[in-house]
Amino acid sequence: MAATVQETINLLLESYSMELETVMNYLANSVNLDGVRAEEIKKSLGADVPGEIAHAQQLANRIKQLGGHVPGSKALTIGNQIQPVTDTTDVVGVIKSVIAAEETACAQYKKIIKAVEGEDYVTQDLCIRLLADEEEHLVQFKGFLKEYSK
Ligand SMILES: [Fe+2]
Ligand SMILES: [Fe+2]
């Protein structure tokens, strides 16, 4: 049985929190890292920040369309992701944290895609598009990991 509208809203709110947490951690890592090897990763993460904000905006719009309420910071569940590295030359640590965040985001979008099957095709379409973006990030950072862990 497909998810109810309220269940769908709750699933979208989880993704919304995750996207905003991603923004915070990518932003921090894009600034904190030091060294020549870090430059490309910093540039890539900095460029991802507006993209992840756009994901949160699209989720917020869908939550509103379904009759939900977009909460403020107090109601968000954050602090679940790997925190920005304290060793500012630990580029591999950052890459691994990005891979973990993207894998979790992909898993949540897949969960929503399945949950709304046969019922809410607009939410499903949105989550398929967001999943495509996150899979692209994932492939990119898995590629970085290959090179940087040599
Ligand atoms: Fe995202
Ligand atoms: Fe992403």
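Whatever comes next refers back to the structure up there.
Now for a look at the structure at hand. As the structure is a computational prediction, the values presented were derived from the model and not from experiment.

A closer look at the overall build of the protein chain
Okay, so step 1: Helix and strand counts for the protein chain stand at 4 helices and 0 strands.
Okay, so step 2: Helices and strands in the protein chain line up, N terminus first, as α-α-α-α.
Okay, so step 3: Across its three principal axes, the protein chain shows a C-alpha extent of roughly 50 × 30 × 20 Å.
Okay, so step 4: Partitioning the contacts of the protein chain with sequence separation of at least 6, the portion at a separation of at least 24 is 77%.

A short note on the environment of lysine 111
Okay, so step 1: Note on placement: lysine 111 falls in helix 3 (residues 91-115).
Okay, so step 2: Among the residues examined, lysine 111 registers 15 C-beta atoms within 10 Å and is labelled partly exposed.
Okay, so step 3: Sequence separation between lysine 111 and leucine 11 is 100 residues, and the spatial gap between their C-alpha atoms is 8.4 Å.

A short note on the nonpolar core
Okay, so step 1: Counting residues in hydrophobic clusters, the biggest one holds 26 residues, and the most contacted among them are Leu12, Ile41, Ile63, Val91, Val94, Ile95 and Ile112.
Okay, so step 2: Elements with a minimum of two residues in this core: helix 1 (5-32), helix 2 (39-65), helix 3 and helix 4 (121-148).
Okay, so step 3: Among the elements that line this core, the one with the most residues is helix 3, at 8 residues.
Okay, so step 4: Ignoring anything within four residues of it in the chain, the contact list for valine 91 reads Leu33, Arg37, Ala38, Ile41 and Tyr148.

Some words on the packing of helix 3 against helix 4
Okay, so step 1: The N-to-C vectors of helix 3 and helix 4 enclose an angle of 155 degrees; their axes lie 8 Å apart at closest approach. As summarised for this structure, helix 3 and helix 4 are arranged roughly antiparallel, according to the angle between their axes. Both helix 3 and helix 4 take part in a crossing whose hand is left-handed.
Okay, so step 2: For the contact of helix 3 with helix 4, the class distribution of residues is 19 nonpolar, 3 polar and 7 charged.

As for the packing of helix 1 against helix 2
Okay, so step 1: Interaxial distance between helix 1 and helix 2 falls to 8 Å at its minimum, and their mutual angle equals 160 degrees. Between helix 1 and helix 2, the crossing angle belongs to the class labelled roughly antiparallel. Between helix 1 and helix 2 lies a crossing whose hand is left-handed.

Thoughts on helix 4
Okay, so step 1: Between its terminal C-alpha atoms helix 4 stretches 40 Å, which fits the 40 Å expected from 28 residues at 1.5 Å a residue.
Okay, so step 2: Among the residues of helix 4, Thr123, Gln124, Leu126, Cys127, Leu130, Glu134, His137 and Phe141 are the ones counted as buried.
Okay, so step 3: Of the surrounding secondary structure, the elements contacted by the buried residues of helix 4 are helix 1, helix 2 and helix 3.

Description of the environment of glycine 93
Okay, so step 1: With respect to the element layout, glycine 93 can be found in helix 3.
Okay, so step 2: Looking at glycine 93, the number of C-beta atoms within 10 Å reads 16, which means it is partly exposed.
Okay, so step 3: Along the chain, glycine 93 and serine 149 lie 56 residues apart, while their C-alpha atoms are 10.0 Å from each other.

Scoring rules and cut-offs
Residues numbered from 1 in each chain as written. Chains lettered and ligands numbered in written order. Predicted model: local features only at pLDDT ≥ 70, side-chain atom pairs only at ≥ 80, totals over all residues. Helix = DSSP H or I, 4+ residues; strand = E, 2+ residues; numbered from the N terminus. Contact = placed C-beta atoms within 7 Å. Buried ≥ 20, exposed ≤ 12 C-beta atoms within 10 Å, placed from the backbone. Core = buried A, V, L, I, M, F, W, Y, C linked by C-beta atoms within 7 Å. Axes fitted to C-alpha atoms, helices over the stretch in contact; angles between N-to-C directions. Parallel < 35°, antiparallel > 145°, perpendicular 65-115°, else oblique. Left-handed = near helix turned anticlockwise from the far one by under 90°. Nonpolar A, V, L, I, M, F, W, Y, C, P; charged D, E, K, R; others polar. Expected span 1.5 Å × (residues − 1).

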